[in-house]
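So the chains spell out like this:
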Amino acid sequence: MNGHPTRQEEFDLYALGAFEGEEKQAIETHVAGCPECARALAEARGRMALLALAAPEHSPPPRVKERLLEQIREEGRLKTASKPTPKPSLLAQWWGAAWAPAAAVLAIATIYLWVSNNRLNRELEDLRIATEQQRVQQEKSKALFALVTAGDTVAVTLNPTPDMPGAQGRVLYNERLGTVLYSGTLPAPPAEKTYQLWLVPVSGNPISAGIFAPEASGESSMILTPLPPGIAAKAFAVTVEPAGGKPQPTGPKVLIGATS
Amino acid sequence: MTAGAEQIGSDWELIERVAARDEKALATLYDRYSALVCAVVTRILRDAAAAEEILQDVFYQLWRSAAQFDPSRGSLPGWLLVVARNRAISRLRRINPEEKPSDASEFLEQTVAAPHALETEVAQKQLMGKVKGALGALPPEQRQAVELAYFEGMTHSEIAKRTGDPLGTVKTRLRSAVETLKRTLQT
């Protein structure tokens, strides 16, 4: 059908469903592009729909309405239950997408920096310790230099006692500087024992001037000990004491020497 | 249909409320037109359970697509009756109800102009009498052809096969019948 249907009843017959095949297709094709015939067909559909009123009356049971209302309520519940979590805005998604790789890089960088920082901290601590050791060494060197070069430093020879024949030692002491240097050769001390140097003042009890323990017999030992300045020394002595030393001498003397 | 439902509002006012998810508005429209829909579907299928299923389905479709209804494009009872009949005929003829109609037929389905107001029970009763009278006034072979077409969903050739009459005769009978009905129902 290329033009309008020649008779208006064509639309009624179409609405009734009497047409089939090419006849049906021709009307559908024409009406789809012809508002005037579409209107005519709508009217024909309305007329033919009235044939429904010729059917014997039949009221639906109440259960159909109840099921219908329950169906739409159930739909509402499902929609509420399955309501998706709000999606982030497009900007937020873009922002998130843009930052995702950056966040990964940042995480890697953070780990790297943390490891690096730990390494640097360790290096810094090592450096601090080394510096401290250097500083102490430097202080010792300065103290030693000052002791050796000072004109008022006295030298004291320590002589072995009968309990330690062959041993020897020497002390440099400066009362003004409060520094004492011991050097000597002694056999290794007995187990759980150590050697302890004492300053025997002119008056009062001996004052500890440090402990030392050569690992092998005949090994030279040297200790530099700071003491409170101004202590007049009468003599120096080395005793054998329990490991860690004692506040006052308790063990046998192995070396002793007077300052004058 | 209840007397109260008739006072609630026009079809299109109610459809707007249904589109706004007003359950009571749907219930009112159901009360107004469910008997008409149920009658035609039951007549076509002669199966109460299947008819109830289609009745519920048609009003559920109204609930879901109320927002797409355009008052300028037709009448609600016309649309309900056309959709209900199509579904019942499809069921009767064992056509897959899930089969999507062509775009053209879907468009046509939704454009149903009704020459008569059917919003009140009184109007419906009056029109029922008029339609039954018009159909009953047709010659028996014409009335049979119309009923086979409308309630059985038969085409010209199917009617000819059922009645044993020549195809041309069936076409002439049916054309004469719709001409008569058109004149009768438009007055």
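Quantities reported herein were computed from a predicted structural model and do not represent experimental measurements.

**Some thoughts on the overall build of chain B**
Okay, so step 1: The secondary structure content of chain B amounts to 10 helices and 0 strands.
Okay, so step 2: The order of α-helices and β-strands along chain B, N terminus first, is α-α-α-α-α-α-α-α-α-α.
Okay, so step 3: Looking at chain B residue by residue over its 187 residues, the buried ones come to 41%.
Okay, so step 4: Counting only contacts in chain B whose residues sit at least 6 apart along the sequence, the fraction spanning at least 24 positions is 66%.

**So, the pairing of strand E5 (residues 207-212) of chain A**
Residues and elements named next belong to chain A.
Okay, so step 1: Judged from the 4 bridges that link them, strand E4 (residues 193-201) and E5 form a sheet pairing that is antiparallel. For Tyr195, the partnering residue across the bridge sits in E5 and is Phe212.
Okay, so step 2: The antiparallel hairpin formed by E4 and E5 contains 5 residues in its connecting segment, where Gly204 sits at a positive phi of about 100°.

**Re the pairing of strand E3 (residues 179-185) of chain A**
Residue and element names in this part refer to chain A.
Okay, so step 1: Where burial is concerned, most of E3 is hidden: 5 out of the 7 residues are buried.
Okay, so step 2: Where strand E2 (residues 168-174) lies against E3, 7 bridges are found, and the strand directions are antiparallel. Bridged to Val171 within E3 is Tyr182.
Okay, so step 3: Summarising the sheet, E3 and strand E6 (residues 220-226) pair through 7 bridges and their orientation is antiparallel. Residue pairing for E6: Tyr182 is matched across the bridge by Ile223.

**What about the interface of chain A and chain B?**
Okay, so step 1: Tallying the contact residues gives 38 residues for chain A and 52 residues for chain B.
Okay, so step 2: With 9 residues, helix H3 (residues 35-49) of chain A is the largest single contributor of residues to the side of chain A that touches chain B.
Okay, so step 3: The class makeup of the residues in the side of chain A that touches chain B is 23 nonpolar, 5 polar and 10 charged.

**Some details on the sheet that holds E4 of chain A**
Residues and elements named next belong to chain A.
Okay, so step 1: Spatially, the 8 strands line up as an open sheet ordered E5-E4-E7-E8-E1-E2-E3-E6, and their pairing is antiparallel. At either end of the open sheet lies a strand with only one pairing partner, and these are E5 and E6. Shown here is a sheet whose adjacent strand axes are inclined to one another by a mean of 20°, direction ignored.

**So, helix H5 (residues 76-92) of chain B**
Residue and element names in this part refer to chain B.
Okay, so step 1: Between the first and last C-alpha of H5 there are 24 Å, a value that for 17 residues agrees with the 24 Å anticipated at 1.5 Å per step.
Okay, so step 2: The buried fraction of H5 amounts to 12 of the 17 residues, a majority that puts the element mostly inside the structure.
Okay, so step 3: Listed as buried for H5 are Leu76, Pro77, Gly78, Trp79, Leu80, Leu81, Val82, Val83, Ala84, Arg85, Arg87 and Ala88.
Okay, so step 4: A positive phi of about 55° marks Arg94, the residue just after H5.

**What about the environment of Ala213 of chain A?**
Residues and elements named next belong to chain A.
Okay, so step 1: When you line up the elements, Ala213 lands in the loop between E5 and E6.
Okay, so step 2: According to the C-beta neighbour criterion, Ala213 is partly exposed, with 14 such atoms within 10 Å.
Okay, so step 3: Taking the C-alpha atoms as reference, Ala213 lies 8.8 Å from Leu186; in sequence the two are 27 residues apart.

**Some words on the packing of helix H2 (residues 11-19) of chain B against helix H3 (residues 23-45) of chain B**
Residue and element names in this part refer to chain B.
Okay, so step 1: Interhelical geometry of H2 versus H3 gives an angle of 140° and a closest axis separation of 7 Å. Compared by their axis directions, H2 and H3 come out oblique. The handedness of the crossing between H2 and H3 is left-handed. Between H2 and H3, the residues in contact are Leu14, Arg17 and Val18 and Ala25, Leu26, Thr28 and Leu29, respectively.
Okay, so step 2: By residue class, the composition of the contact of H2 with H3 is 5 nonpolar, 1 polar and 1 charged.

**Looking at the nonpolar core**
Okay, so step 1: One finds Val37, Val40, Val41, Ala84 and Ala149 of chain B to be the most contacted residues of the largest nonpolar core, which totals 74 residues.
Okay, so step 2: Among the elements that take part in this core, H3 of chain B stands out by supplying 13 residues, more than any other.
Okay, so step 3: Setting aside chain neighbours within four positions, we find Val40 of chain B in contact with Ala52 and Ala55 of chain A together with Leu81, Ala84 and Arg85 of chain B.
Okay, so step 4: Formed by 19 residues, the second largest nonpolar core is a distinct cluster that contains Tyr173, Tyr182, Val238 and Leu255 of chain A.

What counts as what
Residues numbered from 1 in each chain as written. Chains lettered and ligands numbered in written order. Predicted model: local features only at pLDDT ≥ 70, side-chain atom pairs only at ≥ 80, totals over all residues. Helix = DSSP H or I, 4+ residues; strand = E, 2+ residues; numbered from the N terminus. Buried ≥ 20, exposed ≤ 12 C-beta atoms within 10 Å, placed from the backbone. Contact = placed C-beta atoms within 7 Å. Pairing = 2+ DSSP bridges. Nonpolar A, V, L, I, M, F, W, Y, C, P; charged D, E, K, R; others polar. Axes fitted to C-alpha atoms, helices over the stretch in contact; angles between N-to-C directions. Expected span 1.5 Å × (residues − 1). Parallel < 35°, antiparallel > 145°, perpendicular 65-115°, else oblique. Left-handed = near helix turned anticlockwise from the far one by under 90°. Core = buried A, V, L, I, M, F, W, Y, C linked by C-beta atoms within 7 Å.

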